[in-house]
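Read off the chains here:
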Amino acid sequence: MRDEEPPEDDGWTEDADPESVARKILLDQLSLKARSRKELEDRLARRNVPDDVTTRLLDRFEEVGLVDDEAFARAWVEGRQRSRGLATKALAAELRRKGVPDETTKTVLAEVDPEHEEETAAVLVRKKLRSMRGLEAPVATRRLVGMLARKGYSPGVAYAVVRRELGAAAESVEAGAEWAGDD
């Protein structure tokens, strides 16, 4: 999903109050979606808002709960796990790019249940297996492990999940063949 941009009419004129303009920019940005403090700082810097105004406003927005990196990180992790099936390693990299502090990232990612992450990997593998019928096991294994690696899963988890799911798929095919032969 690409970031949507609010209209460029942000209120800047030669006699505009920088604080009012910055507040409008922040509210426009936050009306689109939650953002990290760093993303908002960067946006204001691109619009040439003075640093002291940026700091003062962002501090105030944090006080009233409009900017909250921890809540942002939790929502980001939950959404990206659900929509893309990303593992904590990939999520940590994304949060770093979003400017979420490392301590906050560690706190939020520590809440991710490893069993849930492994089940998410299994769901991804099952879904991908549907389009891989007829491939030899080593080819399927390589492709599935590669897919999971790109989503941030460790090699150990990826291989374990792929082996288990390929075994279950093979048993399912064998069971189906037995049923077909019983007619």
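Fair warning: this is a prediction, and the values are worked out from it, not measured in the lab.

Conventions used here
- Residues numbered from 1 in each chain as written.
- Predicted model: local features only at pLDDT ≥ 70, side-chain atom pairs only at ≥ 80, totals over all residues.
- Heavy atoms only, no water.
- Helix = DSSP H or I, 4+ residues; strand = E, 2+ residues; numbered from the N terminus.
- Buried < 20%, exposed > 50% of the residue type's maximum accessible area, 1.4 Å probe, protein only.
- Contact = heavy atoms within 4.5 Å.
- Salt bridge = Lys/Arg side-chain N within 4 Å of Asp/Glu carboxyl O.
- Lys, Arg positive; Asp, Glu negative; His and termini not counted.
- Axes fitted to C-alpha atoms, helices over the stretch in contact; angles between N-to-C directions.
- Parallel < 35°, antiparallel > 145°, perpendicular 65-115°, else oblique.
- Left-handed = near helix turned anticlockwise from the far one by under 90°.
- Nonpolar A, V, L, I, M, F, W, Y, C, P; charged D, E, K, R; others polar.

Draft legend 1. Quick peek at the side chain of Thr120. Relative to the assigned elements, Thr120 resides in helix H7 (residues 114–129). Classification of Thr120 as buried rests on a relative accessible area of 14%. Filtering out sequence-adjacent residues up to four positions away, Thr120 remains in contact with Gln81, Gly85 and Tyr153.

Draft legend 2. The environment of Leu57, seen in detail. As for its placement among the helices and strands, Leu57 is situated in helix H3 (residues 51–63). Residue Leu57 is classed as buried on the basis of its relative accessible area of 3%. Between the C-alpha atom of Leu57 and that of Glu41, which follows or precedes it by 16 residues, the distance is 10.0 Å. Those residues in contact with Leu57, other than ones at most four positions away along the chain, are Glu19, Ala22, Arg23 and Leu26.

Draft legend 3. Representation of the pattern of salt bridges within the structure. A full pass over the atoms with the stated rule returns 17 salt bridges. Among the ionic pairs, Glu41 bridges to Arg37, the shortest N-O distance being 3.1 Å. Placement of both Glu41 and Arg37 in helix H2 (residues 37–46) is noted, with a separation of four residues, approximately one turn of the helix. Looking at Arg37, the relative accessible area reads 13%, which means it is buried. Among the salt bridges present, the one from Glu94 reaches Arg80, with a minimum N-O distance of 2.6 Å. Separated by 14 residues along the polypeptide, Glu94 in helix H5 (residues 88–97) and Arg80 in helix H4 (residues 69–84) bring together distant segments of the chain. Side by side, Glu94 and Arg80 carry an identical accessibility label, which is buried. Through salt bridges with shared partners, a single network forms among Glu118, Glu119, Arg126, Arg164 and Glu165.

Draft legend 4. Region of interest: the side chain of Lys151. The topology assignment puts Lys151 in the loop between helix H8 (137–150) and helix H9 (155–181). Summary of buried charges: Lys151 has no salt-bridge partner, and the nearest side chain of opposite charge, Glu94, is 8.9 Å away. Once residues lying within four places of it in the same chain are set aside, the contact partners of Lys151 are Arg84, Gly85, Leu86, Ala87, Ala90 and Leu124.

Draft legend 5. Summary view of the packing of H5 against helix H6 (residues 102–110). Put simply, H5 and H6 touch, their axes get as near as 10 Å, and they point 150 degrees apart. Taken together, the axes of H5 and H6 lie roughly antiparallel to each other. Where H5 crosses over H6, the handedness of that crossing is right-handed. Contacts between H5 and H6 involve Thr88, Leu91, Ala92, Leu95 and Arg96 from the first element and Asp102, Thr105 and Leu109 from the second. Considered class by class, the residues forming the contact of H5 with H6 number four nonpolar, two polar and two charged.

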